[in-house]
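Structural overview for review
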Amino acid sequence: MKAPAIIKTAADWALPYWTRGQAGRETPPDLFRVLYYGWLVALTFKLLGSAWDVSWHFKWLRDDLAPPHLLNSAGTALALALTVIHGYTGYGVDKVALRLIQWGTGVFLVAVPLDLINHRVNGLDITSWSPSHLMLYTGTFFMIAGVIRGWFMGAPPGRERTIMLGAFFAFFLENVHFPEQHQEYGILSIGAWDNHAPYAEDILLRFAADQMGRPVDGVMMKGFSLPVPDFLYPVYAVVAGVTVLVVARMMIGRFGAATLVAASYVGFRAVVWPMLTFTGFPPSAVPFFLVIGGLCVDLAFAVRLSSRGLAPVRAVLGAAAATAGVYGALVAQSSVMGQVYGTLKGQTGLLGAPPLVMSSAVWAGLGLMAAWLACEWFATRRQPIEARVIATATP
């Protein structure tokens, strides 16, 4: 079929659904599937744009119309269109899912001009952890949370439901982990600088140095590449990243769910790594340790509890195991993976992970334990998520 015929066929199919309705409206299965596969496409565009974006900003001076921004904008435009469709027709979402999607999209759209203003006023934004950037992540956080709830509540039991739920959680994990990429790119950029082969263009280095009021030297390079405290990377990875995997395991309700969600994200990063490197863009450390964290979560849920009252025990032991697993994997990644990377590049001394402050493991473990306990409480007191999923998702 030619393009005009395809467009006409699609319009003839879709227009009868374009009627005003309240959230929670009964949705035809084919329409429900189209809407959520639309979200899959939108989030894929955003994923591709964000994966390229950090590498781009470690090489060249910022550009509002850079290709990574355009890819991300394409995903945002599709997400906005889907948000309008959900809000006007009421199809595919309940009230909670709709509010999450609407608020998330709204926060993201407000953050975009604020971020542009921030760059106009302050020049180069040195860190991914800036307030305007955090607003972007927060908006995407609520947007994807709404998509996950909408699919979880409305999709019929079966393999498609499980796979799509896992895919949405992989997108969710990517968004939560995104600010950590600054340190993952930064540590290798410092190694490249030490080996007299910096990844960044001279104009970017001079711009960053002028903004910090320093010459282009090692102190400036560290301030540009690792502008946040060293303890932040492992603590955030454990508390935020592993908590996402806990929720994924509870909602998907299958052994291996947390590991597969983590492996999907890490696998994507591992595939993108050579694609960026061989096209001249800076490489990053890859967070392989998240797979170990996911495995620890799955093993914690594999232990059968005699009563729901013992769920806090699982949270405490699981948090301790996941924290130890992640920190152990980070130690191994810093030594072994760094040596492998250095050998491949003909360089030495490059770390495979950002600097690790071992004493921060206590705070990371306590934070994860508190978050895991909150998840267990919510699951048992507000909505028995795991029991419901096992009952509906198991063939």
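This report concerns the structure included in the present document. Note that the structure is a prediction, hence the values are computed from the model and not measured.

Overall, the coordinates contain two cavities of 30 Å³ or more when judged by the stated rule. The residue makeup of the lining of the largest cavity, split by class, is six nonpolar, one polar and one charged. The calculated volume of the second largest cavity comes to roughly 40 Å³. In terms of lining, the second largest cavity is formed by Gln183, Leu226, Val228, Pro229, Asp230, Tyr233, Pro354 and Pro355. Its residues assigned to classes, the lining of the second largest cavity shows six nonpolar, one polar and one charged.

As enumerated under the stated definition, the model contains five salt bridges in all. The partner of Arg249 in a salt bridge is Asp298, and the shortest N-O contact between them spans 3.8 Å. Here Arg249, found in helix H10 (residues 232-252), pairs with Asp298, found in helix H12 (residues 289-302); they are 49 residues apart in sequence, far enough to count as distant. Asp298 matches Arg249 in its accessibility class, with the two residues each being buried. Glu376 is the salt-bridge partner of Arg314, the closest N and O atoms lying 3.0 Å from each other. In this pair, Arg314 sits in helix H13 (residues 311-344) while Glu376 sits in helix H14 (residues 361-381), placing the two residues 62 residues apart along the sequence. According to the relative accessible area criterion, Arg314 is buried, its value standing at 11%. Overall, the relative accessible area of 4% leaves Glu376 in the buried class.

As a packed pair, helix H2 (residues 29-57) and helix H3 (residues 67-89) sit with axes 7 Å apart at the nearest point and diverge in direction by 155 degrees. With respect to H3, the element H2 is oriented roughly antiparallel. Remark: the crossing between H2 and H3 carries left-handed chirality. Taken together, the residues that form the contact of H2 with H3 break down as 17 nonpolar, 10 polar and two charged.

Conventions we followed
Residues numbered from 1 in each chain as written. Predicted model: local features only at pLDDT ≥ 70, side-chain atom pairs only at ≥ 80, totals over all residues. Heavy atoms only, no water. 1 Å grid on protein atoms, 1.4 Å probe; cavity = no way out; pocket = protein on both sides within 12 Å on 5 of 7 lines; lining within 4 Å. Points joined across faces, edges and corners; volume = space filled by probe spheres on them. Nonpolar A, V, L, I, M, F, W, Y, C, P; charged D, E, K, R; others polar. Salt bridge = Lys/Arg side-chain N within 4 Å of Asp/Glu carboxyl O. Helix = DSSP H or I, 4+ residues; strand = E, 2+ residues; numbered from the N terminus. Buried < 20%, exposed > 50% of the residue type's maximum accessible area, 1.4 Å probe, protein only. Axes fitted to C-alpha atoms, helices over the stretch in contact; angles between N-to-C directions. Parallel < 35°, antiparallel > 145°, perpendicular 65-115°, else oblique. Left-handed = near helix turned anticlockwise from the far one by under 90°.

Geometry only, nothing functional implied.
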